[in-house]
Amino acid sequence: MSAKSDLMKYAGSLQQVAYVRPITYTEGRSSNLKAFDVKNGKISFRVLADKCLDVSEFSYGGININFLSKPGLQGRGHYDTNGAEAQRSIMCGLFFTAGLEHIGGPCNVKGVDYPMHGRIRTTPAEHLSSDAFWVGDEYHLKISGEMREAMLFGENLVLRRSIETVYGTKSFTLTDEFENESFRDEPLMLLYHFNLGWPFLNENTKFYIPTTKITPRNYDAEGHEDRYNVMEAPKDNEPEYVFLHDVKSTSNGDSEAIAVNPDLKLGVKISWNKKYLPHFMEWKSIASGDYVVGLEPANSLVHGRSWYEEHGNLHTIAPFAKEKNVLTFEILDGEAEIEKSVSEFKNKF
């Protein structure tokens, strides 16, 4: 008897425990926002069809993992790519994609405006697909689509993305392929902005980052480097801290970061390849109402397009060349899983 047939003895429809469904929000700022609702056992999350197939809400066993900023869940607005006004639309969620022509604060380079963290995060997906299917004895849930960042007489960058999870696991895999469909070398700046929030994030949450060097982004972060790996209780009106980490990797380039909440006996692990995402930023805000830690693999520093124009070494992609990134997000449930993952982390790095 196969695992598939054994499982289906108990569940005539696997939608009891695992499904992917297209949905549309109907009120407030999120009105008409299209998304996919995904359930895989204890994992529940939403993938935003109208916002780069980024993941907004994510919970495990009913416990919220992600951070949602004060503007709340919302669709695309006129201020999304209007300089610093983007802070009114960056709702964060579990992760959002920063890029592709720029990451970091808004800037103007050679007469061209680049909004905060770029434009791709608010780009709706085309060629959408969602499916639930068996591969042998594994039941897969998959969402895919394509986003294009393009301009008349300008760039023509395509992002083809899939998000996939397997029933019985506590993780999803994000697979991105980028292609330059223009006829010139094009800058490709990219940052995966993973955001952890309460109740998973509290003053007892700890972080494991394979760092060899920590550089504060600015004076607000200076003097706080020694507490990069712990969270604190909320503090009214405290400025954000951003740390630039030089991280270790295995011989094949694999790297990871782990966050652990010992009170909940829950952890999360984010994995990526440093060959393709050589930079890592940590965004830590203990400010009351803006209580969040961001773990951010990237191919560029968060200083942004203007800094690279001045200092050089801007990453580019050749005409019709492709680049690929694979990242995983995994839940660690219970002391045994956490201890095992932390022990493996310390042995690897």
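Higher on the page you've got the structure.
Just so you know, these numbers come straight off a predicted model, no measurement behind them.

Parameters and conventions
Residues numbered from 1 in each chain as written. Predicted model: local features only at pLDDT ≥ 70, side-chain atom pairs only at ≥ 80, totals over all residues. Heavy atoms only, no water. Helix = DSSP H or I, 4+ residues; strand = E, 2+ residues; numbered from the N terminus. Areas by Shrake-Rupley, 256 points an atom, 1.4 Å probe, with all protein chains shown as cover. Lys, Arg positive; Asp, Glu negative; His and termini not counted. Charge placed at Lys NZ, Arg CZ, Asp CG, Glu CD. Buried < 20%, exposed > 50% of the residue type's maximum accessible area, 1.4 Å probe, protein only. Polar contact = N/O pair within 3.5 Å; in protein donor to acceptor, adjacent residues only side chain to side chain. Contact = heavy atoms within 4.5 Å. Core = buried A, V, L, I, M, F, W, Y, C linked by side-chain atoms within 4.5 Å. Salt bridge = Lys/Arg side-chain N within 4 Å of Asp/Glu carboxyl O. Phe/Tyr/Trp six-rings, centres within 6.5 Å; stacked < 30°, edge-to-face > 60°. Lys NZ or Arg CZ within 6 Å of the ring centre and 35° of its normal. Expected span 1.5 Å × (residues − 1). Arc of directions from axis to C-beta. Pairing = 2+ DSSP bridges.

Participant: What should I look at first to understand the overall build of the chain in this one?
Facilitator: Helix and strand content of the chain: three helices and 25 strands. Seen through its principal axes, the chain has C-alpha atoms that stretch 65 × 45 × 45 Å. Looking at the chain as shown, the accessible area adds up to about 15,600 Å², and 48% of this sits on carbon and sulfur atoms. Across the chain, the 38 positively charged side chains and the 49 negatively charged ones have centroids separated by 2 Å.

Participant: Hey, could you run me through the side chain of Ser-182 in this one?
Facilitator: As for its position among the elements, Ser-182 is in the loop between β14 (171-180) and β15 (186-187). Residue Ser-182 is classed as buried on the basis of its relative accessible area of 6%. Polar contacts involving the side chain of Ser-182 include one to the side chain of Asn-180, which spans 2.6 Å. At a separation of 3.3 Å, a polar atom in the side chain of Ser-182 contacts the main-chain carbonyl oxygen of Arg-184. Setting aside residues no more than four positions away along its own chain, Ser-182 makes contact with Asn-156, Pro-319 and Phe-320.

Participant: For this particular structure, what's the right way to read the nonpolar core?
Facilitator: Among soluble globular proteins, nonpolar side chains are generally buried collectively. In terms of nonpolar packing, the biggest core is built from 62 residues, with Phe-45, Val-47, Phe-58, Ile-65, Phe-172 and Phe-329 touching the most fellow members. Ignoring sequence-local partners within four residues, the contact set of Ile-65 consists of Phe-58, Ser-59, Tyr-60, Leu-94, Asn-195, Leu-196, Gly-197, Phe-200, Val-268, Phe-329 and Ile-331. Membership of the second largest hydrophobic core comes to 20 residues, among which are Met-116, Val-242, Met-281 and Ala-298.

Participant: What's the story with the pattern of salt bridges in this structure? I'm lost.
Facilitator: Any two side chains of opposite charge can pair if their charged atoms end up close together. Scanning all chains against the criterion turns up 25 salt bridges. Across the salt bridge formed by Glu-181 and Arg-160, the nearest N and O atoms sit 3.1 Å from each other. Of this pair, Glu-181 sits in the loop between β14 and β15 while Arg-160 sits in strand β13 (residues 156-166), and the two are 21 residues apart along the sequence. Its relative accessible area of 26% is what places Arg-160 among the partly exposed residues. Within this structure, Glu-146, Arg-148, Arg-160, Glu-177, Glu-179, Glu-181 and Lys-322 form a network of salt bridges that share partners.

Participant: Got a minute to help me understand the packing of aromatic side chains in this structure?
Facilitator: The way to describe two aromatic rings as a pair is by their centre distance and the angle between their planes. Inspection of the entire model under this criterion finds 16 aromatic pairs. Summarising the aromatic geometry, the rings of Phe-95 and Phe-194 are spaced 5.2 Å apart at their centres and angled 35° between planes, so their arrangement reads as tilted. One end of the pair, Phe-95, is in strand β8 (residues 95-100); the other, Phe-194, is in strand β16 (residues 189-196), and 99 residues separate them in sequence. Centroid distance Trp-134 to Tyr-139: 5.0 Å. Interplanar angle 50°. Geometry classified as tilted. By way of ring pairs, the aromatic residues Phe-45, Phe-58, Phe-95, Phe-172, Phe-194 and Phe-329 are connected into one cluster. Its guanidinium or amino end placed over the ring of Tyr-19, Arg-21 lies 3.7 Å from that ring's centre, counting from NZ or CZ.

Participant: Sorry, what's going on with helix α3 (residues 335-348) here?
Facilitator: One turn of the α-helix equals 3.6 residues, which is why residues spaced by three or four share an orientation. If you check α3, its first and last C-alpha atoms are 20 Å apart, about what 14 residues at 1.5 Å a residue would give, namely 20 Å. Among all positions of α3, only Ile-338, Ser-341, Val-342 and Phe-345 are buried. What you see down the axis of α3 is that its buried residues fit within an arc of 95°, all on one side. What points out from α3, more than 90 degrees from its buried face, is the exposed set Ala-336, Glu-339, Lys-340 and Asn-347. The elements touched by buried residues of α3 are β17 (206-208), β20 (254-261), β21 (266-273) and β25 (322-333).

Participant: Sorry if this is basic, but what is going on with the pairing of strand β4 (residues 54-60) here?
Facilitator: For β4, the buried fraction is high: six of the seven residues fall into the buried class. Where strand β3 (residues 43-48) lies against β4, five bridges are found, and the strand directions are antiparallel. Note that in β4 the partner of Val-47 across the bridge is Val-55. Counted between consecutive antiparallel strands, the loop separating β3 from β4 contains five residues, among which Cys-52 sits at a positive phi close to 65°. Two elements, β4 and strand β5 (residues 63-64), share two bridges in a ladder whose sense is antiparallel. Bridge pairing in β5 links Ser-59 to Asn-64.

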